[in-house]
Amino acid sequence: MKQFGKLYEQQYAVALFNSVRFEIEGGGGTQSQLLHRKDPLAGHCIFSGSLYQYLEETRKWRGRFVSVTNSYTLSLYDSQAAHDRGLQSRVTINCAGYRVLCSMEEYMDVIHNSLPDIKAKVGNRPFIKLDNKLPLILWHPYARHYYFCVVTEKEQKKWLAVLRDCVRHSNNALPEDCIVETPAFTDSVRLYRQAKGHYGSWDMMCGAAPQILANLVMETLHPQLRHVIGPRLKGKMQQRQRNWMLICAAAYKQVLAQASSQYEALTEACGAHRAQLDARLRTDMDQIITSKEHVTSKIRALVLPKAEELLRTSIQPYINSILEALMEPTSRGFSEVRDVFFKELVEISKNSLNGGGKEKLGEQLDRLSMLAFHPVKMQGSYEKMEQLNLEGLQQRFDVSSPSVFISRAQILMREQMDNAVYTFEQLLQQALEAQGQDDVCNTIQKCQERVLKKYDYDSSTVRKKFFREALLQIIIPYMLQQLAPACTPELPRFQELIFEDFSRFLLVENMYEEVVLQSVTKEIMMAVKEAAVQRKHNLYRDSMILTSSDPNLHLLEESPSVDWAAKFGGEEPDGSMNSSGEGRAPERRRRQVVSMIHLDDGPLPYESCLEVPAVELIPEEDGQIFGEGEEEEEPDSSEDPKSPDSVNLIRDLINPVVEVEISTAEEQLSPVSSGTDATKGLIAVEDGLLEEVTHVTTIVESHSKKSPQTILQKLGTVKKCEEGGALQKEEKVDPEEESEEEAVDELPQLAADSSSQNDSGFQSLTNDRLSQGEPLPIKAGLGGEGPTISPTQVEVHLV
């Protein structure tokens, strides 16, 4: 964090310089034809429904009601009633960095690769039994995993789309409107990883800044922990895997907490000096720009010949191949977005022609406003992009995976869909106010044609920009890595050419990367322009301008979203109602984007938080993690399920304690005392493996010896059994003693050890009829007959 803090302070000043320069000089890209909505999800929630969650603490499946808020976080409740009453959720999950897995086979493959030198046996069963249910697993390389399941494939498909949308949105958490903080942060992360030898895109650039920082720390810490702790984990394979996951989750939790606090302090310190830096920049902007151009020309003379040679021999032949691989799935995805939007408008027009009524029209238009955020309806478009294949190119240019480009394209698809919907709403609202509601169908069709033309133009612009950025993200890291041995050692001498007053805003390393960027930008621009000239994948030329563009359309961008249900006099849509049909309280009323799941066979069987039948455990894992004889209680609702946060708990997972009971004669106890001694040796455990012993803790338990008189007094408390069982009806059994007896009956029968017993060793035939009454007299006869005698006259023979 200290090294990152220094990089961030440097890049903060550079990002502030670029921001102020852009503000002064102006410029920008092509203006979009579609309107942009600022807060599309205000007053809405994404989805809510019921599913099962597997609790590792109790090893049971429990019914949960899940609410997906407009921030795309998962909130888990005991039941829908608890959610509707506004109670605190049991668990809140931020999905950044997670992957959604829908099969136990896929999950077990990932788990088996988590620790080195651990190979799963053929046909090895997973440690979670599903009972013919369909799984949904949230997997994270460092954080805690979450296990869910549903009953039908219809539920699984809907939940899969919802969870993947949550992951997609949570990964894209860096605010784009922070024109100084966000560029400074991303450049600092990139330079930090390059200093460690990691060039190219990074899969764990996910979530908010503290989460990315925690992932950055774990990228180095995780292999070290696995190397040090992995060989010291004891037990069977699945036991070691579970303990390793607990250790990783505990380490990640601590790293995330420290990264959050330190990053907050870092941003506050940089923000405190922003006004001073801004004033200096505006005063000396011309001199700073002149100095930068002078130093850049010197760096260009050194770097450009080497960069052009590398570009000509190793990059230029592959630019068209990379571009074609990107264009095919991306264009099909944007085309699918257009088709989904068109079909929704056709359905609305059909309803208007068939006399569906204004209330029905209002409901349809209200659902249309959230079309871009409906994960099920958008899933087809997203799946088109998931077919992106960069194999071969990945190995040559050292691209870890195409997931970064897939996620970015899907975010752009959703933005374009929402822009098209919002533009249609504003145009329709304007037309209805001017022409009235007499011919709604014709008005809808005219607005539809205008919006589709604008969508085609903006879609082309957005895709071309995406292609250029993707090519740069693939090529630039490769060039920097190849040029580093020859160019990086020469860079420090250029720092002397920069005035000390401007050294905070002009960094040689940033100017060096700009020179490399400029060397390849021309080739990338030409490749994208050539594809547009050939009309590949419906791309427009840069010089093309829509003749039917509306110069005053952007005046409507500040208008709020239209409440169509209220405008046409309809009731609130079904999304705002709970499953029982009762509306929520007005202060918590939120319209739901995705409708609840309704099965044909009736309601879901787990609306209440009823316990699912216990899971059948694997024999080798029974009692190894949570212990035997403990009560299987659900964790407190105010706390998340525990992971080994303390160092001692993590140490116990690495070095387990084995208890060995040894019987020792009384004459051998005198020199032995309780305590812990360090030692070295080996001991054979249950599976036959030899484990190293580092410490031996001795606990001496002494038991007092019973005299014959004590035995007789104990025997004297036993009541005589009467015929007919009259006393059996009057006696009362302590519930605690009864439960203890039942618990003992369930345990395996152990060999008796007299040294560990608290009684004298005798067991009366009437032990189950003990009472707290007065002692009975001792009779001389065996059958309880004869005269009463004194206990001192009894002679006892021990055999």
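The structure under discussion appears in the preceding block.
Residues numbered from 1 in each chain as written. Predicted model: local features only at pLDDT ≥ 70, side-chain atom pairs only at ≥ 80, totals over all residues. Heavy atoms only, no water.

Draft legend 1. Structural context of the overall build of the chain. For the chain, the count of helices and strands is 19 helices and 13 strands. Relative to its full complement of 799 residues, the chain shows a buried share of 42%. Within the chain, contacts between residues separated by at least 24 positions form 77% of all contacts whose residues are at least 6 apart in sequence. Summing over all exposed atoms, the chain offers an accessible surface of approximately 44700 Å²; the carbon and sulfur share of this is 50%. (Helix = DSSP H or I, 4+ residues; strand = E, 2+ residues; numbered from the N terminus. Buried < 20%, exposed > 50% of the residue type's maximum accessible area, 1.4 Å probe, protein only. Contact = heavy atoms within 4.5 Å. Areas by Shrake-Rupley, 256 points an atom, 1.4 Å probe, with all protein chains shown as cover.)

Draft legend 2. The arrangement of helix α4 (residues 153-171) in detail. The end-to-end C-alpha distance of α4 is 27 Å, a good match for the 27 Å that 19 residues give at a rise of 1.5 Å each. α4 sits mainly inside the fold: 14 of its 19 residues count as buried. (Expected span 1.5 Å × (residues − 1).)

Draft legend 3. Broad picture of the sheet that holds strand β2 (residues 47-55). Sheet architecture is open: 7 strands sit in the order β5-β4-β3-β2-β8-β7-β6, paired in antiparallel fashion. The open sheet has two edge strands, β5 (91-93) and β6 (99-101), and neither has a second partner. Each strand axis lies, on average, 35° off the axis of its neighbour in the sheet, ignoring direction. Pairing of β2 with strand β8 (residues 146-150), which is carried by 2 bridges, proceeds in the antiparallel orientation. Bridge pairing in β8 places tyrosine 52 opposite cysteine 149. Where helix α3 (residues 104-112) meets the sheet, it contacts β6, β7 (134-139) and β8, and its direction lies at approximately 30° from that of β7. (Pairing = 2+ DSSP bridges. Axes fitted to C-alpha atoms, helices over the stretch in contact; angles between N-to-C directions.)

Draft legend 4. Focus on the packing of helix α12 (residues 403-435) against helix α13 (residues 440-487). Contact pair α12 / α13: the axes reach a minimum separation of 9 Å and the direction vectors enclose 155°. Comparing their axes, α13 and α12 come out roughly antiparallel. Here the hand of the crossing between α12 and α13 comes out right-handed. Taken together, the residues of the contact of α12 with α13 break down into 19 nonpolar, 7 polar and 4 charged. (Parallel < 35°, antiparallel > 145°, perpendicular 65-115°, else oblique. Left-handed = near helix turned anticlockwise from the far one by under 90°. Nonpolar A, V, L, I, M, F, W, Y, C, P; charged D, E, K, R; others polar.)

Draft legend 5. Seen up close, the nonpolar core. Leu74, Val303 and Phe424 are the most contacted members of the largest nonpolar core, which totals 148 residues. Among the elements that line this core, the one with the most residues is helix α8 (residues 274-353), at 24 residues. Among all residues touching phenylalanine 424, those that are not within four sequence positions of it are Phe341, Leu345, Leu365, Leu368, Ile444, Cys447, Gln448 and Val451. If you look at the next biggest cluster of nonpolar residues, it comprises 16 residues, including Tyr107, Ile137, Tyr147 and Met245. (Core = buried A, V, L, I, M, F, W, Y, C linked by side-chain atoms within 4.5 Å.)

Draft legend 6. Up close: the pattern of salt bridges. Summed over the entire model, instances satisfying the criterion amount to 22 salt bridges. Across the salt bridge formed by glutamate 23 and arginine 282, the nearest N and O atoms sit 3.1 Å from each other. Note that glutamate 23 is positioned in helix α1 (residues 2-25) and arginine 282 in helix α8, a separation of 259 residues in sequence. Exposure remark for arginine 282: the relative accessible area of 40% places this residue in the partly exposed category. Residue arginine 338 is joined to aspartate 456 by a salt bridge in which the shortest nitrogen-to-oxygen separation is 2.8 Å. (Salt bridge = Lys/Arg side-chain N within 4 Å of Asp/Glu carboxyl O.)

Draft legend 7. Broad picture of unusual backbone geometry. Its identity is not glycine, yet arginine 59 carries a phi of approximately 55°, on the positive side. Mapped onto the elements, arginine 59 comes out in the loop between β2 and β3 (60-68). In this structure, tyrosine 72 is a non-glycine residue whose phi angle is positive, near 65°. Positionally, tyrosine 72 belongs in the loop between β3 and β4 (74-77). Exposure remark for tyrosine 72: the relative accessible area of 0% places this residue in the buried category.

Draft legend 8. Summary view of the side chain of serine 201. With respect to the secondary-structure elements, serine 201 resides in the loop between α5 (181-195) and α6 (209-229). Among all residues touching serine 201, those that are not within four sequence positions of it are Arg193, Val399, Ser400, Ser401 and Val404.

Draft legend 9. Examining the pairing of β7 more closely. Across the 6 residues of β7, 5 count as buried, placing the element largely inside the fold. Of the strand pairs in this sheet, β6 and β7 are connected by 3 bridges, and their pairing is antiparallel. Within β7, the residue paired with leucine 101 across the bridge is isoleucine 137. In sequence, β7 turns back onto β8 through a hairpin of 6 residues.

Draft legend 10. The arrangement of the packing of α8 against α13 in detail. Packing of α8 against α13 leaves a shortest axis separation of 7 Å and a crossing angle of 160°. It follows that α8 is roughly antiparallel to α13 by the angle criterion. The way α8 lies across α13 gives a crossing that is right-handed. Broken down by class, the residue content of the contact of α8 with α13 amounts to 34 nonpolar, 9 polar and 4 charged.

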